[in-house]
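Each chain, letter by letter, is given below.
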Amino acid sequence: MQVSGACAQRLEVVVDRSRPERSHPEAVVWRNRALTLFDRVSVPVAVCDVHGSVLLANPAMATECGTTPGRLRGRDVLEVFRPQEATQVERIAEALRLRHRSRYQVSVCWRAPGGGERFGELTADPVSDSVEETPSLLVMLRVEGEREHSPAAEPVRVTPVEGRVLALLASGATTAQAARETGLTVDGVNYHLRRLSARWGAANRTELVARAYALGVLTTGVWPPSASGA
């Protein structure tokens, strides 16, 4: 679901509490409509400042992490929804510093209310009333899957070569770079990636890396990325 540019700009009016209230009654009407839409939409959505601190979250977003919108306020969105590729975050931070207005995606995982681990993608759109103004971020979450929390479950296993290829992919390596590091050809790397994508039902490489973390194939919380047990 896409949130229109007009709606996003109205949300920006709501978020910045430090501004004087607009005198035109129409601004108040649009603010109330935007808040109603924001709360009722089923897609998890939040508004963050440029540093990622949550300013406003809808109930769907709060439900994903087992809390309430008020308790999410002030938290770092990338601490709640953990990035799977540090290079993605670094590129976005640099783009925002340069005031680029693109749409940004980050592969993330987080702890579900039931104890399992979910994985998906955060999409961030910079929004503001003017180009010169420091933007806020309209953040939407797309849930792609969940790994059930079960201590007795058998770990997902991959070959050492598959684990190495996944770790290189998670670090931002291209297919050619992964081929050089592993001693494979480019076709050989693509062969392993196609097999893993088919096995896990991953639609693209970003989702493949996210699933590798969610399934425990790649070790969380370490850099550079490495396969579990390597």
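Because the structure is a prediction, the values reported are computed rather than measured.

Reading the values: the criteria
- Residues numbered from 1 in each chain as written.
- Predicted model: local features only at pLDDT ≥ 70, side-chain atom pairs only at ≥ 80, totals over all residues.
- Heavy atoms only, no water.
- Axes fitted to C-alpha atoms, helices over the stretch in contact; angles between N-to-C directions.
- Helix = DSSP H or I, 4+ residues; strand = E, 2+ residues; numbered from the N terminus.
- Left-handed = near helix turned anticlockwise from the far one by under 90°.
- Contact = heavy atoms within 4.5 Å.
- Buried < 20%, exposed > 50% of the residue type's maximum accessible area, 1.4 Å probe, protein only.
- Pairing = 2+ DSSP bridges.
- Core = buried A, V, L, I, M, F, W, Y, C linked by side-chain atoms within 4.5 Å.
- Salt bridge = Lys/Arg side-chain N within 4 Å of Asp/Glu carboxyl O.
- Phe/Tyr/Trp six-rings, centres within 6.5 Å; stacked < 30°, edge-to-face > 60°.
- Parallel < 35°, antiparallel > 145°, perpendicular 65-115°, else oblique.
- Nonpolar A, V, L, I, M, F, W, Y, C, P; charged D, E, K, R; others polar.
- pLDDT = per-residue confidence, 0-100.
- Arc of directions from axis to C-beta.

Chemist: Kindly report on the packing of helix H7 (residues 160-170) against helix H10 (residues 205-214), identifying the contributing residues and their values.
Modeler: Two numbers describe how H7 lies on H10: the axes approach to 10 Å, and their chain directions differ by 115°. Crossing geometry of H7 relative to H10 is assigned as left-handed. Residues Leu166, Leu169 and Ala170 of H7 touch H10, and the partners they reach there are Arg205, Leu208, Val209, Ala212 and Tyr213.

Chemist: Go over the pairing of strand E5 (residues 117-127) with me, naming the residues and quoting the values.
Modeler: Extensive coverage of E5 is indicated by the burial of 11 of its 11 residues. Across 8 bridges, strand E4 (residues 104-111) lies against E5 in antiparallel orientation. For cysteine 109, the partnering residue across the bridge sits in E5 and is phenylalanine 119.

Chemist: Give me the nonpolar core: which residues, what numbers.
Modeler: Grouped together as the largest cluster of nonpolar side chains are 23 residues, with contacts concentrated most on Met61, Leu72, Phe81, Val108, Leu122 and Leu141. Counting residues per element, the ones that place at least two in this core are strand E1 (45-48), strand E2 (54-57), helix H3 (59-64), helix H5 (77-80), helix H6 (86-97), E4, E5 and strand E6 (136-147). Looking at which element gives the most residues to this core, the answer is E4, with 4 residues. In this view, methionine 61 contacts Pro44, Val45, Ala46, Leu72, Phe81, Val139 and Leu141; residues no more than four positions away in its chain are not counted.

Chemist: I'd like to hear about the pattern of salt bridges, residue by residue, with values.
Modeler: Evaluation of the coordinates by the stated rule reveals 8 salt bridges. In this structure, the salt-bridge partner of arginine 118 is glutamate 64, at a minimum N-O distance of 2.7 Å. Here arginine 118, found in strand E5, pairs with glutamate 64, found in helix H3; they are 54 residues apart in sequence, far enough to count as distant.

Chemist: Please provide a residue-by-residue account of the packing of aromatic side chains, values included.
Modeler: Here the structure, examined in full by the defined rule, presents 1 aromatic pair. With centroids separated by 5.2 Å and ring planes inclined at 75°, the aromatic side chains of phenylalanine 81 and tryptophan 110 adopt a geometry described as edge-to-face. You can see phenylalanine 81 sitting in the loop between H5 and strand E3 (82-83) and its partner tryptophan 110 sitting in strand E4, a full 29 residues away along the chain. Exposure class is identical for phenylalanine 81 and tryptophan 110. Each is buried.

Chemist: I'd like a description of the packing of H7 against helix H9 (residues 186-200), backed by residues and values.
Modeler: Close contact between H7 and H9 brings their axes to 10 Å; oriented N to C, the two are set at 90°. In terms of their interaxial angle, H7 and H9 are classed as roughly perpendicular. Contacts from Val161, Glu162, Val165, Leu166 and Leu169 of H7 reach H9 at Val189, His192, Leu193, Leu196, Arg199 and Trp200. Taken together, the residues of the contact of H7 with H9 break down into 8 nonpolar, 1 polar and 2 charged.

Chemist: Describe the confidence of the model for the chain, with residues and values.
Modeler: Confidence in the prediction of the chain, expressed as mean pLDDT, is 79, and 83% of residues score 70 or more. Across residues 1-22, confidence stays below pLDDT 50; counting only partners more than four residues off in sequence or on other chains, it has 42 contacts.

Chemist: Any chance you could break down helix H8 (residues 175-182) for me, citing the residues and the numbers?
Modeler: Those residues of H8 that fall on the buried side of the exposure criterion are Thr175, Ala178 and Ala179. Buried residues of H8 fall within an arc of 105° about the axis and therefore sit on the same side. Counted as exposed and oriented over 90 degrees from the buried face of H8: Arg180 and Glu181. The secondary structure elements touched by the buried residues of H8 are H7, H9 and H10. Just downstream of H8, glycine 183 is the residue with a positive phi angle, here 80°.

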